[in-house]
Amino acid sequence: MDKILVLDFGGQYNLLIARRVRAEHVYAEIKPYNKITAAEIAAEGYKGIIFTGGPNSVYDESSPHVDRAVLELGIPVLGICYGHQLMAYTLGGEIASAENSSEYGKTSVTHKGGVLFKDVPEESNTFMSHNDYVKTLPEGFRAVACTSKCGVAAMENPEKKLFGVQFHPEVTHTDYGRVILRNFIFGVCGANADWTMDDFIETSVAKWREQLAGKKVLLALSGGVDSSVAAVLLHRAIGKDLYSVFVDHGLLRKNEGDYVEKTLGEKLGLNIIRVNAKDLFLEKLKGVCEPEKKRKIIGGEFIHVFEKAARELGKIDVLAQGTIYPDVVESGRGDSAVIKSHHNVGGLPAVMDFKMIAEPLRELFKDEVREVGEKLGIPRELVRRQPFPGPGLAVRVIGEITEEKLDILRDADAIFREELDRSEFRETTAQYFAVLLDTRSVGVMGDSRTYGYTVALRAVTTDDFMTADFARLPYSVLEKASGRITNEVKGVTRVVYDITSKPPATVEWE
Ligand code: XMP
């Protein structure tokens, strides 16, 4: 399989670059610039290298640099933004910084031919974000594109297969970014588009079948996309030797526990051990109002319940997890590895004794995980489902959690999701749910006064959940949801819509 290396210099778009390459069916992996040597790069047999952007200036003492040997391996290199400047600097060019030369946002670029610009109009929009620029080219290079402020918006040395662009081709605001990346991946590197999810499934199933033969494997099934796909993939490899423990903490959405059990257990044949622990969790959460305390209690209790269920299964050899590629990249960044706490199971390997951890999705991006899931026969509605927090509805019932409040929230939430799912906004809204406030207000129903709960509706658009915008839903959808909730859910007198973005708010209310 052909591979492209994305050498990470701290750019905020490092994941995006790898995703764009993979979208062309070429495998791409990200490595921090200081975690791989030129010799290792050569030994791995990469077809090409992409240097990412980064927040630094090449002359800063602490800025990341690259071994010149990487540029002399004969492997094609594309430098993006900081990577472009770094390539020029490393090969003897000059970088300068001038206040009036910085560019940010959509910028028109004019090119005069060059390998990367095949099939790109002479003038097009790109996305720029830089202060420094390449002032003097290294020997053997020529400038192939410019902007009104920047003489070297792109450079090339086709003989040595080295290329640099000041703009970000991986960002959608660069109109011909995809064409430029394709010109590099296929035109320059000659990579084969052989990364497909069918091949991934086949190789992965064979690999895990061999590695896990005769072993007893345990997986914590949350009902979310990642753990479900990991479970179905491993089930295909080892069948009943995979034990999927599904802890139902009673904080799931309406009918969710039964749906997961039915879909993955009955329809797909997984060996599911469902632990109904609602009473235990509600007991522990009694009287607790503070959000962080709720999370801690749920996280801790989850581990207890899971461990107990695991002990009852006897000796387990392997723990399987639904870790995906962005988690791996995040964990390995910087000099000290940070282990991301994974949903509710982050502490498990530390407290339980396993010989081995199996993470079948650790090379995949979320959209690839979804594709694998669908190919494995998991229904689309499960594979495409929106994110759901580990602590569940506990962080959507504001204040103290009671069974009554959870029931009200579940019904209101189901109505809102149903109404939005019926509308065209389903595809563009990343997450939508209801929240139950602990504020009551007065209403009137028939001839009598009511005094009931307030439901807040939350819907956001976002690509990465780091920032989010409240969704501009039409009044017709909101009106329908509000009308149905106040009519059909006993105990609710008022429905409000949350019009705050993130920041300053977060997506969840707690
Ligand atoms: P916030 O509220 O931080 O949410 O803006 C961003 C995204 O993360 C989800 N979320 C969680 N997911 N465990 C999870 O697995 C959690 O404790 C948790 N808290 C928030 C949230 O639903 C949104 O998609």
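Note on numbering: residues in each chain are counted from 1, in written sequence order. With pLDDT at 70 or above as the cut-off, local features in this predicted model cover only qualifying residues; side-chain atom pairs require 80 or more to be listed or tallied, and sums for whole chains, interfaces and linings still use all residues. As a rule here, side-chain values come from all non-hydrogen atoms in the structure, and water together with hydrogens is ignored.

**Q** Give me the lowdown on unusual backbone geometry, citing residues and values where you can.
**A** For the bond from Lys-502 to Pro-503, the omega torsion is -15°, close enough to zero to count as cis. Secondary structure is summarised from DSSP: a helix means a run of H or I of at least four residues, a strand means a run of E of at least two, and numbering begins at the N terminus for each. Mapped onto the elements of the fold, Pro-503 is located in the segment after strand S20 (492-497). Omega for the peptide link from Pro-503 to Pro-504 comes to 10°, which places this bond in the cis form. Tracing the backbone through its elements, the reader meets Pro-504 in the segment after S20. Not every positive phi belongs to a glycine, and His-25 is a case in point at roughly 65°.

**Q** Explain the environment of Glu-488 residue by residue, including any values.
**A** Secondary-structure assignment places Glu-488 in helix H16 (residues 475-488). Working definition: with a 1.4 Å probe on protein chains only, accessible area under 20% of the residue-type maximum means buried, over 50% means exposed, and in between means partly exposed. Residue classification places Glu-488 among the partly exposed positions, given a relative accessible area of 48%. Sequence separation of Glu-488 and Ile-415 is 73 residues, and the distance between their C-alpha atoms is 9.0 Å.

**Q** Please give an account of the packing of helix H7 (residues 225-238) against helix H13 (residues 366-375) that cites residues and values.
**A** Two elements in contact, H7 and H13, have axes whose closest approach is 10 Å; the angle formed by their N-to-C orientations is 45°. On the basis of their axis angle, the class for H7 and H13 is oblique. The hand of the H7/H13 crossing is left-handed. Side by side, H7 and H13 meet where Val-225, Asp-226 and Val-229 of the first sit next to Lys-366, Val-369, Arg-370, Val-372 and Gly-373 of the second. Put simply, Ala, Val, Leu, Ile, Met, Phe, Trp, Tyr, Cys and Pro go in the nonpolar bin, Asp, Glu, Lys and Arg in the charged bin, and everything else, Gly too, in the polar bin. Residues of the contact of H7 with H13, tallied by class, amount to four nonpolar, one polar and three charged. For helices, the fitted line uses only the C-alpha atoms of the stretch in contact; every axis is such a line through C-alpha atoms, and the angle between N-to-C directions lies from 0 to 180 degrees. Oblique is the label for any angle not under 35 degrees, not over 145, and not in the 65 to 115 range, which are roughly parallel, roughly antiparallel and roughly perpendicular in turn. Crossing handedness: left-handed means the near helix sits turned counterclockwise from the far one by under a right angle, and right-handed means the same turn made clockwise. Between two residues, a contact is recorded if the distance between any of their heavy atoms is within 4.5 Å.

**Q** Tell me what's going on with the site of the ligand, and back it up with residues and numbers.
**A** If you check the shell around the ligand, you find twelve residues, and the closest are Arg-295, Gln-431, Lys-502, Val-507 and Glu-508. Between Val-507 and the ligand, the recorded distance is 2.8 Å, taken from a backbone N or O atom to an oxygen atom. Accessible surface area values rest on a Shrake-Rupley calculation with a 1.4 Å probe, where residue burial reflects the displayed protein chains alone. In isolation the ligand has 490 Å² of accessible area, and contact with the protein removes 75% of it. Proximity criterion: a residue is near a molecule or strand once any of its heavy atoms comes within 4 Å of it. Each polar contact in these results corresponds to two N or O atoms within 3.5 Å; when the atoms are within protein, one needs to be able to donate a hydrogen and the other to accept it, and residues that are neighboring in sequence are counted only if both atoms are side-chain atoms.

**Q** Give me the domain arrangement of the protein: which residues, what numbers.
**A** Domain borders in the structure are assigned automatically or taken from a domain database. Splitting the protein by domain gives domain 1 (3-188), domain 2 (197-383) and domain 3 (402-497). On the domain 3 side, the residues contacting the seven residues of domain 2 number seven residues. The contact between domain 2 and domain 3 buries some 670 Å² in all, and 51% of this surface belongs to carbon and sulfur atoms. Once two parts are put together, the accessible area they lose, assessed with a 1.4 Å probe and summed over both, is termed the buried area. When the buried area of domain 2 at its contact with domain 3 is split by residue, Arg-253, Lys-254 and Leu-282 rank highest and sum to 60% of it. Salt-bridge detection follows one rule: a side-chain nitrogen of Lys or Arg within 4 Å of a carboxyl oxygen of Asp or Glu. For the pair domain 2 and domain 3, the interface holds two salt bridges. The residue Glu-403 makes a salt bridge to Lys-278 at a minimum N-O spacing of 2.6 Å. Taken together, the links from domain 2 to domain 3 amount to four residue pairs in polar contact (both at pLDDT 80 or more). Partitioned by chemical class, the residues of the side of domain 2 that touches domain 3 number three nonpolar, one polar and three charged.

**Q** Break down the packing of aromatic side chains for me, with residues and values.
**A** To pair, rings of Phe, Tyr and Trp, with the six-membered ring standing in for Trp, must have centres within 6.5 Å; the planes then decide the type, stacked if under 30 degrees apart, edge-to-face if over 60, and tilted in the middle. Under the criterion given, the structure shown has twelve aromatic pairs. Centre to centre, the rings of Tyr-59 and Tyr-89 are 5.3 Å apart; their planes meet at 90°, and the pair counts as edge-to-face. Taken as a pair, Tyr-59 in the loop between strand S3 (48-51) and helix H3 (68-71) and Tyr-89 in helix H4 (residues 82-90) lie far apart in primary sequence, 30 residues in all. The partly exposed category is assigned to Tyr-89, whose relative accessible area is 28%. Taken together, Phe-9, Tyr-33, Phe-51 and Tyr-82 form an aromatic cluster joined through their ring pairs. Geometrically, a charge over a ring is one whose NZ (Lys) or CZ (Arg) sits within 6 Å of the ring centre while staying within 35 degrees of the ring normal. The ring of Tyr-46 carries Lys-3 above its face, with NZ or CZ at 5.0 Å from the centroid. For the cation-ring pair, Arg-472 lies above Phe-470, with the distance from its terminal atom to the ring centre recorded as 3.9 Å.

**Q** Tell me what's going on with the pattern of salt bridges, and back it up with residues and numbers.
**A** Scanning all chains against the criterion turns up 34 salt bridges. Among the salt bridges present, the one from Glu-156 reaches Arg-142, with a minimum N-O distance of 3.4 Å. Here Glu-156, found in strand S10 (residues 154-157), pairs with Arg-142, found in strand S9 (residues 142-146); they are 14 residues apart in sequence, far enough to count as distant. Under the relative-accessibility criterion, Arg-142 is labelled partly exposed at 38%. Here Asp-407 ties to Arg-410 by a salt bridge, and the two come within 3.6 Å at their closest N and O atoms. With Asp-407 and Arg-410 both in helix H15 (residues 403-422) and three residues apart, the pair spans about one turn of that helix. Salt bridges sharing common partners tie together Glu-418, Glu-419, Arg-422, Lys-480, Arg-484 and Glu-488.

**Q** Describe in detail the state of the cysteines, supporting the description with residues and values.
**A** Each disulfide consists of one covalent bond between the sulfur atoms belonging to two cysteines. Disulfides are defined in this document as cysteine sulfur pairs within 2.5 Å. One pass over the full model with this rule turns up zero disulfides. With no disulfide of its own, Cys-146 has Cys-150 as its nearest cysteine by sulfur position, at a separation of 8.3 Å. Among the cysteines around Cys-189, which has no disulfide bond, Cys-81 carries the closest sulfur, lying 20 Å off. Take Cys-189: its relative accessible area is 9%, and that puts it in the buried class.

**Q** With reference to specific residues and values, describe the confidence of the model for the protein.
**A** Residues with a pLDDT of 70 or more make up 95% of the protein, whose mean pLDDT is 93. What pLDDT expresses is the predictor's confidence in each residue, scored from 0 to 100. In the model, residues 334-346 has pLDDT below 50 throughout and makes 20 contacts with residues more than four positions away in sequence or in other chains.

**Q** Report on the pairing of strand S17 (residues 431-445), specifying residues and quantitative values.
**A** As paired elements, S17 and strand S18 (residues 448-461) share twelve bridges and run antiparallel to each other. Of the residues in S18, the one forming a bridge with Gln-431 is Val-460. Strand pairing follows a simple DSSP-based rule, namely that at least 2 bridges must link the two strands. Where S17 folds back on S18, the antiparallel hairpin that results is connected by two residues, among which Gly-446 adopts a positive phi of roughly 65°.

**Q** Which residues make up the nonpolar core, and what values go with them?
**A** Counting residues in each nonpolar core, the largest one holds 86 residues, and the members touching the most others are Leu-218, Val-455, Leu-457 and Ile-485. The greatest single-element share of this core, amounting to nine residues, is contributed by H7. For this core, the two domains that each supply at least three residues are domain 2 (197-383) and domain 3 (402-497). Not counting residues up to four positions away in its chain, the partners in contact with Ile-485 are Ala-412, Ile-415, Val-455, Leu-457, Val-492 and Val-495. Judged by nonpolar contacts, the second largest core, of 34 residues, contains Ile-17, Phe-184, Ile-185 and Val-329. Put simply, buried Ala, Val, Leu, Ile, Met, Phe, Trp, Tyr and Cys residues joined by side-chain atoms within 4.5 Å make one nonpolar core.

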